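# Examining the three-dimensional arrangement
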Amino acid sequence: METAVQQSWTGRSDEIAVPLLGAEFWKEGTEVAGVLESRREQKVGGMAYRIILDAALALDGEDVSIVELPSLTGVKNALESLRLQGYQMKKGDLWRVRCEGIKKAKKEGFSDSPTFELAVLRK
C-alpha cells in the first residue's frame, strides 16, 4: 500500500521583515557588501533585494547582518547597466553596493537621489 506524501510549510512575517537601506541611509562613499539571498516585490516601489552582509552593520543602535536594498532610482539604474552587460541576477551572487554621490532633485518637491556603483562577483 502506498502512503500519500504530505508537504507542509509555515511562513512568518519576521522572516521577511528586515531593515531597509532607504535613501536616508546612503551618503557618498557608504558601502555594503554581501551575498544576494533573494528579491521580493514591495507593496510600493518595486523590488527589494535581500542581502546577507559580509560584516554586520549598526542600524538604529542594533547590529544587523541581513538587510534589504529597495528599488531606489539609482539602484534600478545600476541594475539596468549590469543587465545591458548581460548580467542576470542569481541567488548567491556577491554584491558590493557603493554610493557614489547624491544627485540633487531638479524639481521642487522631489527627493534627492543617491547614485550607485553595483559590482557583482559570481563564484
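Let me sum up the structure you'll find in this document.

Reading the values: rules and limits
Residues numbered from 1 in each chain as written. Predicted model: local features only at pLDDT ≥ 70, side-chain atom pairs only at ≥ 80, totals over all residues. Heavy atoms only, no water. Helix = DSSP H or I, 4+ residues; strand = E, 2+ residues; numbered from the N terminus. Rg over C-alpha atoms; globule rule 2.2 N^0.38 Å. Buried < 20%, exposed > 50% of the residue type's maximum accessible area, 1.4 Å probe, protein only. Contact = heavy atoms within 4.5 Å. Areas by Shrake-Rupley, 256 points an atom, 1.4 Å probe, with all protein chains shown as cover. Salt bridge = Lys/Arg side-chain N within 4 Å of Asp/Glu carboxyl O. Phe/Tyr/Trp six-rings, centres within 6.5 Å; stacked < 30°, edge-to-face > 60°.

Moving on to the overall build of the protein chain. Check the secondary structure of the protein chain and you find 1 helix and 5 strands. In the protein chain, the succession of helices and strands from N to C terminus is β-β-β-α-β-β. Taken over C-alpha atoms, the radius of gyration comes to 17 Å for the protein chain, far larger than the 14 Å a tight globule of 123 residues would show. Based on the C-alpha atoms only, the size of the protein chain along its principal axes is roughly 70 × 35 × 30 Å. The burial tally for the protein chain puts 32% of its 123 residues in the buried class. Long-range pairs, those at least 24 residues apart, make up 55% of the contacts in the protein chain with a sequence separation of at least 6. Carbon and sulfur atoms form 49% of the exposed surface of the protein chain, whose accessible area is close to 8,900 Å².

Right, let's get into the pattern of salt bridges. Tallied over the full model, the rule gives 7 salt bridges. When the shortest N-O distance is used, the salt bridge between E31 and R96 registers 3.8 Å. Of this pair, E31 sits in strand β1 (residues 31-41) while R96 is found in strand β4 (residues 94-103), placing the two residues 65 residues apart along the sequence. As a salt-bridge pair, R50 and E37 come within 2.6 Å of each other at their nearest N and O atoms. Taken together, the positions of R50 in strand β2 (residues 47-59) and E37 in strand β1 put the pair 13 residues apart, joining distant regions of the chain. Note on R50: relative accessible area 9%, which makes it buried. The partly exposed category is assigned to E37, whose relative accessible area is 26%. If you follow the salt bridges from partner to partner, you end up with E31, R96 and E117 in one network.

What follows deals with the packing of aromatic side chains. Inspection of the entire model under this criterion finds 3 aromatic pairs. When the centroid spacing of 4.9 Å and the interplanar angle of 90 degrees are considered together, the rings of F25 and W26 count as edge-to-face. Judged by relative accessible area, which is 19%, F25 ranks as buried. A centroid spacing of 5.6 Å and a plane angle of 45 degrees characterise the contact between Y49 and W95, whose relative ring orientation is tilted. Of the two residues, Y49 is situated in strand β2 and W95 in strand β4; the sequence distance between them amounts to 46 residues. In this structure Y49 comes out as buried when scored by relative accessible area, which is 7%. Each member of the aromatic cluster is reached from another via a ring pair, and the members are F25, W26 and F116.

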